[in-house]
Amino acid sequence: MLREALEWMTTPAPAIARKLGYLGEAIATSARGRRQHKAWQEHRERTRRALVTASEGLGGTAALLGAGIIDDIPLAELSARFEKLVLVDIVHLAPVKQAARQLGNIELVCADLTGMAPALYRWQPGKALPEPAPGALAGRELDFIASVNLAGQLPVIPLRRLGRYLDETQAAALEAAIIAAHFGHLRSFNCPALFIGEVERRYSDRSGNTETAPALPGVTLPPAFDEWMWSLAPLGEINRNTALECRVQAVRLTG
Ligand SMILES: C[S@@+](CC[C@H](N)C(=O)[O-])C[C@H]1O[C@@H](n2cnc3c(N)ncnc32)[C@H](O)[C@@H]1O
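Let us look at the structure shown here. (Residues numbered from 1 in each chain as written. Predicted model: local features only at pLDDT ≥ 70, side-chain atom pairs only at ≥ 80, totals over all residues. Heavy atoms only, no water.)

**Here's the deal with the environment of Thr29**
Okay, step 1: Relative to the elements of secondary structure, Thr29 occurs in helix 3 (residues 22-35).
Okay, step 2: Given a relative accessible area of 37%, Thr29 falls into the partly exposed group.
Okay, step 3: For the pair formed by Thr29 and Arg240, sequence separation is 211 residues and the distance between their alpha carbons is 19 Å. (Helix = DSSP H or I, 4+ residues; strand = E, 2+ residues; numbered from the N terminus. Buried < 20%, exposed > 50% of the residue type's maximum accessible area, 1.4 Å probe, protein only.)

**Points about the packing of aromatic side chains**
The description of an aromatic ring pair rests on the distance of the ring centres and on the angle between the ring planes.
Okay, step 1: What the rule picks out here adds up to four aromatic pairs.
Okay, step 2: Between Phe183 and Phe195, the ring centres sit 5.2 Å apart and the planes meet at 50°, which makes this aromatic pair tilted. Of this pair, Phe183 sits in helix 9 (residues 168-187) while Phe195 sits in strand 5 (residues 193-205), placing them 12 residues apart in sequence.
Okay, step 3: Its guanidinium or amino end placed over the ring of Trp8, Arg18 lies 4.8 Å from that ring's centre, counting from NZ or CZ.
Okay, step 4: Over the ring of Phe225 we find Arg252; its NZ or CZ atom is 4.3 Å from the centre of that ring. (Phe/Tyr/Trp six-rings, centres within 6.5 Å; stacked < 30°, edge-to-face > 60°. Lys NZ or Arg CZ within 6 Å of the ring centre and 35° of its normal.)

**Focus on the packing of helix 3 against helix 4 (residues 37-54)**
Okay, step 1: It is at 6 Å that the axes of helix 3 and helix 4 come closest, and there the two elements cross at 100°. Classed by the angle they form, the pair helix 3 and helix 4 counts as roughly perpendicular. In contact with Thr29, Arg32, Gly33, Arg34 and Arg35 of helix 3, helix 4 contributes His37, Trp40 and Arg44. (Axes fitted to C-alpha atoms, helices over the stretch in contact; angles between N-to-C directions. Parallel < 35°, antiparallel > 145°, perpendicular 65-115°, else oblique. Contact = heavy atoms within 4.5 Å.)

**Observations regarding helix 6 (residues 94-103)**
Okay, step 1: Regarding helix 6, the residues found buried are Val96, Ala99 and Ala100. Along the long axis of helix 6, the arc covered by the buried residues comes to 100°, so they all point the same way. Of the residues in helix 6, the exposed ones pointing more than 90 degrees away from the buried face are Arg101 and Gln102.
Okay, step 2: Check the buried side of helix 6 and you find it contacts helix 5 (75-81), strand 2 (84-89) and strand 3 (106-110).
Okay, step 3: Downstream of helix 6 by a residue or two, Gly104 has a phi angle that is positive, lying close to 90°. (Arc of directions from axis to C-beta.)

**Remarks on the pattern of salt bridges**
Okay, step 1: Counted under the stated rule, the structure contains 15 salt bridges.
Okay, step 2: For Glu237, the salt bridge identified is with Arg35, shortest N-O distance 2.5 Å. In this pair, Glu237 is assigned in the loop between strand 7 (226-233) and strand 8 (242-254) and Arg35 in helix 3, connecting sequence segments 202 residues apart.
Okay, step 3: Judged by relative accessible area, which is 13%, Glu237 ranks as buried.
Okay, step 4: Between Glu45 and Arg48 there is a salt bridge whose closest N-O contact spans 2.9 Å. Of this pair, Glu45 and Arg48 both sit in helix 4, three residues apart, which is roughly one turn of the helix.
Okay, step 5: Arg48 sits in the partly exposed class, given a relative accessible area of 26%.
Okay, step 6: Several salt bridges converge on common partners, so that one network encompasses Glu200, Arg202, Glu227 and Arg247. (Salt bridge = Lys/Arg side-chain N within 4 Å of Asp/Glu carboxyl O.)

As structure tokens, then:
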């Protein structure tokens, strides 16, 4: 806890990312990754492999969205393959900055990939809901773009901020709109686009009861070239009685 509090105080981040809770969430995810190092190992390895496979034979500029703490990104390998790697996230924690400095061809872009953060922060009950408008990389010439374990995360903070003012239908519509805008953004570049991320969440309890929920409501994906289970929160991580596993897919969207 102390480590995380210090990280929160000392990590440079846009004010809006602090105020809306993005920085806290990134630090919490990184701490969970450390606690669940073993449980997440295969997921991270499969993600790395999917990135290498899907970018085989490519060069030029690649953008990786949702870079996080790059635990699931084979940075050295991709840095050697591409002339330039653009790592996009709403916050970049210290290990990413260090790794980027060492490699020399990494650009860190600190951007909100929903395009709705300022409106989300300013929003007040009774006003029209903010709409997703991802445009962080607008005008860039890219040779490869990948969404890396990000899509299912994009609605988390917006729903946390607005959720108590919305009924179930409005919340579901907002979640679907954010996710649809993300896939539209990925497909808008004239280059191969890769999606890696959870497509289904499975909650189970100690008695073996299981409930599943789609992670990408409203999205129909092309066939995956790889698929695996990610034990995101084994028993004890969320609470003593609930475990969360995700079905993750690697899918070529275009190219
Ligand atoms: C589960 S992590 C991705 C895993 C990451 N590739 C790793 O190795 O740590 C999800 C990432 O999405 C980022 N994220 C969430 N919402 C975002 C937004 N609106 N814009 C940009 N990044 C966002 C988080 O900061 C976090 O780093």
